[in-house]
Amino acid sequence: MLPMDCHTHTDCSPDSDAPAAAMLASAQAKGIGVYALTDHIELCRFWQQGFYDVPARNEEDFFDYAARYERAMQQNQMAKALWRGDMQIISGIEMGEPNADFALAESLLQDKRLDFVIASLHELPDKLDFYFLDYAQEDVDALLNAYFSELLRICQWGKFDVLGHLTYPLRYIAQAGITVDMAQWREPVAECLKAVIRNRRGIEINTSGYSQSYGKPYPDRECLELYKDLGGSILSLGSDAHAPSAVGGGIAQGAALAKACGFHKVSYFLRHEPHDIEL
């Protein structure tokens, strides 16, 4: 049995066409004990495009996440009400770019339909999502410096439940064939982790990297050991699945890694309160 998969996407996210029912059925079939629905809600484009008075930068520059949020909440509540399996279902979101509007982020957190919020940083101000960047034309060191600076702002704000895929840019930097020595970023990473710990929040082991060219989770073992050494204790596991076949992917490896790093439990959230599962 897999303890949990607390980072997944359905067709409420623009980059998935998977119905929630199919994702839930896959999770049940794979023996997942706790399953969180966490669709993308990007706060930098939460309102309709006219509110921002800017053009779309490419065909995937989606706006009006407010409508997606409401659809996701309705879907999640229906799933929790109608699901008859023995799997615990969590109503969550992946809140992208809370640094774009912390007041808006805090207003969403008052929604009693929400159990769980992953805070993520997918793009920098005035930049496309890291997915779309041409790394042959980018200064990778400058990008990472800006990324960890903005991420620190989110960690210091600290109103989320767990910080998502802390080393997210490496997913696409690695795909571009560029190797990053993370030793030079140890201090910025440590500052982010210290802020998370001070605010009594957690981080996730995002296991999607096991099936990608990066070959490791986000963050990797060195970062997880640093988190443990700094006093971090709240840890979740998520596959970042966008299709039923990917549900639970890498979760067993992520759980084994957590245990190897000295963690004896992982946590899921109900009404933003952590509940522990022993490893």
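Above this text you will find the structure in question.
To start, this report covers the structure provided alongside it. (Residues numbered from 1 in each chain as written. Predicted model: local features only at pLDDT ≥ 70, side-chain atom pairs only at ≥ 80, totals over all residues. Heavy atoms only, no water.)

Right, let's get into the nonpolar core. Proteins that are soluble and globular tend to have nonpolar side chains buried together. In terms of nonpolar packing, the biggest core is built from 87 residues, with Phe46, Phe130 and Leu151 touching the most fellow members. Residue contributions to this core peak at 9 residues, all from helix H5 (residues 140-157). Setting aside chain neighbours within four positions, we find Leu151 in contact with Leu121, Leu163, Leu166 and Cys192. (Core = buried A, V, L, I, M, F, W, Y, C linked by side-chain atoms within 4.5 Å. Buried < 20%, exposed > 50% of the residue type's maximum accessible area, 1.4 Å probe, protein only. Helix = DSSP H or I, 4+ residues; strand = E, 2+ residues; numbered from the N terminus. Contact = heavy atoms within 4.5 Å.)

The strand order S1-S2-S3-S4-S5-S6-S7 describes an open sheet built from 7 strands, whose pairing is parallel. The open sheet is flanked by strand S1 (2-5) and strand S7 (235-238), the only strands paired with a single partner. Here strand S3 (residues 88-96) pairs with strand S4 (residues 116-120) via 5 bridges, running parallel. Its bridge partner lying in S4, Ile93 is registered against Val117. Sheet strands in contact with helix H8 (residues 221-229) are strand S6 (202-206) and S7, and its direction is about 160 degrees off that of S6. (Pairing = 2+ DSSP bridges. Axes fitted to C-alpha atoms, helices over the stretch in contact; angles between N-to-C directions.)

To continue, consider the packing of aromatic side chains. Applying the stated criterion across every chain, the model contains 16 aromatic pairs. Ring geometry for Phe51 against Tyr52: centres 5.0 Å apart, planes inclined by 85 degrees, an arrangement best described as edge-to-face. On the basis of relative accessible area, Tyr52 is assigned to the partly exposed category, the value being 23%. Taking 6.1 Å as the distance between ring centres and 80 degrees as the angle between the ring planes, the aromatic pair formed by Phe130 and Tyr168 counts as edge-to-face. Taken together, the positions of Phe130 in the loop between S4 and H5 and Tyr168 in the loop between strand S5 (162-163) and helix H6 (169-175) put the pair 38 residues apart, joining distant regions of the chain. According to the relative accessible area criterion, Phe130 is buried, its value standing at 1%. The buried category is assigned to Tyr168, whose relative accessible area is 4%. Aromatic rings pair up to connect Phe130, Tyr131, Phe132, Tyr147, Phe148, Tyr168, Tyr172 and Trp185 into one cluster. (Phe/Tyr/Trp six-rings, centres within 6.5 Å; stacked < 30°, edge-to-face > 60°.)

Checked against the element boundaries, His9 lands in the loop between S1 and helix H1 (20-29). Within the structure, the side chain of His9 is placed 3.2 Å from the side chain of Asp240, a separation counted as a polar contact. In contact with His9, not counting residues within four places along its chain, are Ser16, Met23, Thr38, Asp39, His40, Glu94, Asp240, Ala241 and His242. (Polar contact = N/O pair within 3.5 Å; in protein donor to acceptor, adjacent residues only side chain to side chain.)

Attention now goes to the state of the cysteines. Within the structure shown, the criterion is met by 0 disulfides. Here Cys12 is not cross-linked by a disulfide; its sulfur's nearest cysteine counterpart is in Cys6, at 18 Å. In this structure Cys155 is not part of a disulfide, and its nearest cysteine sulfur, from Cys192, lies 4.3 Å away. (Disulfide = S-S within 2.5 Å.)

Quick look at the pattern of salt bridges now. Counted according to the given criterion, the structure contains 15 salt bridges. Measuring nitrogen to oxygen at the nearest pair gives 3.3 Å for the salt bridge that ties Lys194 to Glu191. Here Lys194 and its partner Glu191 are both found in helix H7 (residues 186-198), 3 residues apart, which amounts to about one turn of the helix. For Lys265, the salt bridge is made with Asp276, and the minimal N-O distance between the two is 3.7 Å. Of the two residues, Lys265 sits in strand S8 (residues 265-270) while Asp276 sits in strand S9 (residues 273-278), which places them 11 residues apart along the sequence. Overall, Lys265 belongs to the partly exposed group, its relative accessible area being 23%. Among the residues examined, Asp276 registers a relative accessible area of 45% and is labelled partly exposed. Ionic contacts of the salt-bridge type, sharing partners, join the residues Arg45, Arg57, Asp61 and Glu123 into one network. (Salt bridge = Lys/Arg side-chain N within 4 Å of Asp/Glu carboxyl O.)

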